[in-house]
Amino acid sequence: METRRLPVEVITYILSFLPIADRKEASLVNHTWYFAAQDSLRQENVLYNIPATSASLAAIESLARRRVSCVSLTSLDSSTVSRDVIQAVSCHLGPHLQSLCLRGSSLTETSFVHLLLACPCLSSLDLSGCNSLFMSGTLLSKPETISQARRALTSLQELNLAGLRYLSDLSFNRLTGCAPRLARLSLARCHLTFEFDPYRGSSNYNSSALLSFRNLLRFLEERASSLRALDLSGTSITSPAMRSLVQVEGLRLRELVLQNCRDLSNEAIGLLCTHQPHLTALDLTGCSELSDRAALAVSAGLRALQSLCLGKLQRLTDRGFLGIAELRSLQRLDLSECSLVSGSELVKVCSAPELRPNLASLSFAFCSLLRDSSVLSLARSLSPSLRVLDLSSCVSITNVSIQAIASHLPRLTVLRLAWCKELTDWGLLGVEEPGEERNHGREKDAGPQFSRNFGNMGFFLPPLQNLEQDPKVLSDSAWNESRKRHRASLQALGQLQELDLMACSKLTDRSITKVICLPALRRLSLSLLPELTDASLVAVARGCQSLEQLSMSHCGKLTDKGFVEAASSLRRLQHLVISGCSQLTGQTLVAISRECRQLKSLDVSMCHGISMAAIELFQAQLPLQPCVQSRFVGGADLPFTL
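Conventions and cut-offs
Residues numbered from 1 in each chain as written. Predicted model: local features only at pLDDT ≥ 70, side-chain atom pairs only at ≥ 80, totals over all residues. Heavy atoms only, no water. Buried < 20%, exposed > 50% of the residue type's maximum accessible area, 1.4 Å probe, protein only. Helix = DSSP H or I, 4+ residues; strand = E, 2+ residues; numbered from the N terminus. Pairing = 2+ DSSP bridges. Right-handed = clockwise from strand over helix to strand, strands pointing away. Phe/Tyr/Trp six-rings, centres within 6.5 Å; stacked < 30°, edge-to-face > 60°. Contact = heavy atoms within 4.5 Å. Arc of directions from axis to C-beta. Axes fitted to C-alpha atoms, helices over the stretch in contact; angles between N-to-C directions. Parallel < 35°, antiparallel > 145°, perpendicular 65-115°, else oblique. Nonpolar A, V, L, I, M, F, W, Y, C, P; charged D, E, K, R; others polar. Left-handed = near helix turned anticlockwise from the far one by under 90°. Salt bridge = Lys/Arg side-chain N within 4 Å of Asp/Glu carboxyl O.

Draft legend 1. Spatial organisation of the pairing of strand β1 (residues 46-51). Burial analysis of β1 places six of its six residues in the buried class, which makes it a mostly covered element. Residues Val46, Tyr48 and Ile50 line one face of β1 and the alternating positions Leu47, Asn49 and Pro51 line the opposite face, and both faces are buried. Inspection of the sheet shows β1 paired to strand β2 (residues 70-74) by four bridges, in the parallel sense. Looking at β2, one finds that proline 51 is bridged to threonine 74. Since β1 and β2 lie parallel, the crossover through helix α4 (residues 56-65) that links them has a hand, and here it is right-handed.

Draft legend 2. How the structure looks around the packing of aromatic side chains. Scanning the entire structure with this criterion turns up two aromatic pairs. Each ring, one from phenylalanine 172 and one from phenylalanine 219, has its centre 5.3 Å from the other, and the planes form 75°; the classification is edge-to-face. Of this pair, phenylalanine 172 sits in helix α9 (residues 169-177) while phenylalanine 219 sits in helix α10 (residues 213-222), placing them 47 residues apart in sequence. Accessibility classification places phenylalanine 172 together with phenylalanine 219 in one group, the buried group. When the centroid spacing of 5.1 Å and the interplanar angle of 40° are considered together, the rings of phenylalanine 194 and phenylalanine 213 count as tilted. With phenylalanine 194 in the loop between β7 (192-193) and β8 (211-212) and phenylalanine 213 in helix α10, this residue pair connects regions lying 19 residues apart in the sequence. We classify phenylalanine 194 as buried; its relative accessible area is 14%. By relative accessible area, which is 6% here, phenylalanine 213 ends up buried.

Draft legend 3. Summary view of helix α24 (residues 586-595). Buried residues of α24: Thr588, Leu589, Ala591, Ile592, Ser593 and Glu595, and no others. Those residues of α24 hidden inside the fold are in contact with α23 (560-566), β20 (575-577), β21 (601-603) and α25 (612-621).

Draft legend 4. Region of interest: helix α8 (residues 143-152). Residues of α8 that are buried: Thr145, Ile146, Ala149 and Ala152. Considered in projection along α8, the buried side chains sweep an arc of 120° and stay on one side of the axis. Among the exposed residues of α8, those pointing more than 90 degrees away from its buried face are Pro143 and Arg151. Among the structural elements, α6 (109-117) are those in contact with the buried residues of α8.

Draft legend 5. How the structure looks around the packing of helix α15 (residues 372-381) against helix α16 (residues 399-408). Where α15 meets α16, the closest approach of the two axes is 9 Å, and the angle between their N-to-C directions is 5°. In this view, α15 runs roughly parallel relative to α16, as classed from their interaxial angle. Residue-level contacts link Asp372, Val375, Leu376, Ala379 and Arg380 of α15 to Val400, Ser401, Ala404, Ile405 and His408 of α16. Partitioning the contact of α15 with α16 into residue classes produces six nonpolar, two polar and two charged.

Draft legend 6. Spotlight on unusual backbone geometry. Its identity as a non-glycine residue notwithstanding, asparagine 260 has a phi of 60°, on the positive side. Tracing the chain through its elements places asparagine 260 in the loop between β10 (255-257) and α12 (266-275). Of note in this structure, histidine 554 is not a glycine but carries a positive phi near 60°. Note on placement: histidine 554 falls in the loop between β19 (549-551) and α23.

Draft legend 7. Local environment of the packing of α9 against α10. The interhelical angle for the contact between α9 and α10, taken along N-to-C directions, is 15°, at an axis separation of 10 Å. When the interaxial angle is binned, α9 and α10 end up roughly parallel. Classified by chirality, the crossing of α10 by α9 is right-handed. On α10, the residues that touch Asp169, Phe172, Asn173 and Thr176 of α9 are Asn215, Leu216, Arg218 and Phe219. Among the residues making up the contact of α9 with α10, the classes are represented as three nonpolar, three polar and two charged.

Draft legend 8. Highlighting the pattern of salt bridges. A complete count under the given rule lists 17 salt bridges for this structure. As a salt-bridge pair, arginine 103 and aspartate 126 come within 2.7 Å of each other at their nearest N and O atoms. Highlighted residues: arginine 103 in the loop between β3 (99-101) and α6 and aspartate 126 in strand β4 (residues 124-126), separated in sequence by 23 residues. When its relative accessible area of 8% is taken as the criterion, aspartate 126 is described as buried. In this structure, arginine 416 engages aspartate 390 in a salt bridge whose closest nitrogen and oxygen atoms are separated by 3.8 Å. Linking arginine 416 in strand β16 (residues 414-416) with aspartate 390 in strand β15 (residues 388-390), this pair joins segments that are 26 residues apart in sequence. The class of arginine 416 is partly exposed, set by a relative accessible area of 23%.

Draft legend 9. Quick peek at the pairing of β2. Counting buried positions over the five residues of β2 gives four, a clear majority of the element. The pairing of β2 with β3 spans three bridges and is parallel. Looking at β3, one finds that valine 71 is bridged to leucine 100. At this point the chain moves from β2, through helix α5 (residues 80-93), to the parallel β3, and the crossover so formed is right-handed.

In structure tokens, the structure reads:
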């Protein structure tokens, strides 16, 4: 059957299995596939970024025909262009919008109210950093405006007010009073006062000068039955304040974010775990006073926890994880920058199938005590569930770790190994370094082999004469032969979408040209690898044609010839960083502008061979002006912005 005769519903279902980039390509087949691709995008939580430029006006009308429901407006101010964009969004997108992000905008109160009243179906509103809206204190001060806002915000469930310097009790009450169904609230980095009580027994909490914890408590008491998520990151919340908050009658929080709340004590976390046992997500990153007692309290009291972030806790040690076996529902664990954590207790728990959690995301970034033995054990134990692994700056791990990851975690989608400087070509190739054979007391004639642990799993390699000397002499035939005999090279991670090897300075063309052939890869960083040449660039381009983001900054051996040859294979590239590549000239820009037509950002800083005239010509041929972009809301799928 010809695909053009398939019902749109069937094509939509097929396309739902593809990432956004592939759906965009598929939409070019014909009209039927185009409309099917649009339908599949509507069925997902996709956010469209719309900058305040005149070029966006036509795009907004196009988005209206797709009934887009999630929009982020950027660079809004009091200019005529911004007003035109707001008018267009209000007219064409407003009736269908469910999520609106105005983060960091400087729009006027009049424009905001006009936009708000045009969006009667909003369920999520992000006003973080919109200080101009709250500076005068008159937002929603008119009775007729308040009544209109109540009708517009009757379905609002999520409100982000993070980083608002001028937010007061009065403006907070006006805004939240228009949203009776609010379930998620962020006041991160707001100037909340905890010690000072401006009301002294009065029940009229309407100060126009400050945002008080007493007024927040009143709000929590009124909305206890509906509020499920609260973010107080970066505030000076104290232990007595935490006691009052968690004991609000009827409050059953599911998510609580307390990043960088440096005044919180272990006792306060103990109270939290006692009075809010239904939490499924808790973020205590940067709460510097917390120690093992807090982690033990979490394990004992929050049995339903699915996401736990304990990053930057310098007092936390492995003893804090003695009870982690109780967290059977845990899916995400972040221990980044916990310098006293080695992972030994987590290894013990995960080694017992009946005790280990089904972790999908694990971060040990900057944990210098992490060793190969722990990585090997965790890779074995978490093989069925782990999808995201961050070992950035774990300076003690070696080739044994990368081979364990490649052997046991074939379903990984994100792997970060930046600044792991002990990794070498041998590790990525999945072959034991000859020098290690002598250390283990084996004769060199035995040929390259894995360690004893790998041998027990059936991953011994038979002798390969070409590998005994140096991976640079690895011929294609020998490489293909070795691939047939084992699956411990990096190429085994066929589902990878993001790979970070930045500053793994011992890596060279010898491994990169052989193993970075990952068709699903979308984000790759090979920055600060001084030995990489054009051969690696071309191999990566041909083996990873889904790449959207590529960083190869300070790879000083790259030349124009490499980009001329590689550019035709990088048709989906959107973000390219080649700063500090001193041999590049304007010819590289010519090749990129000719082939990489989807490029949105390019960093050529410190490329001394590229003149300003070449840059201006490039901008004329391929303008990198902001344009409407789409991305999934939340998760690891978000693209970075340069």
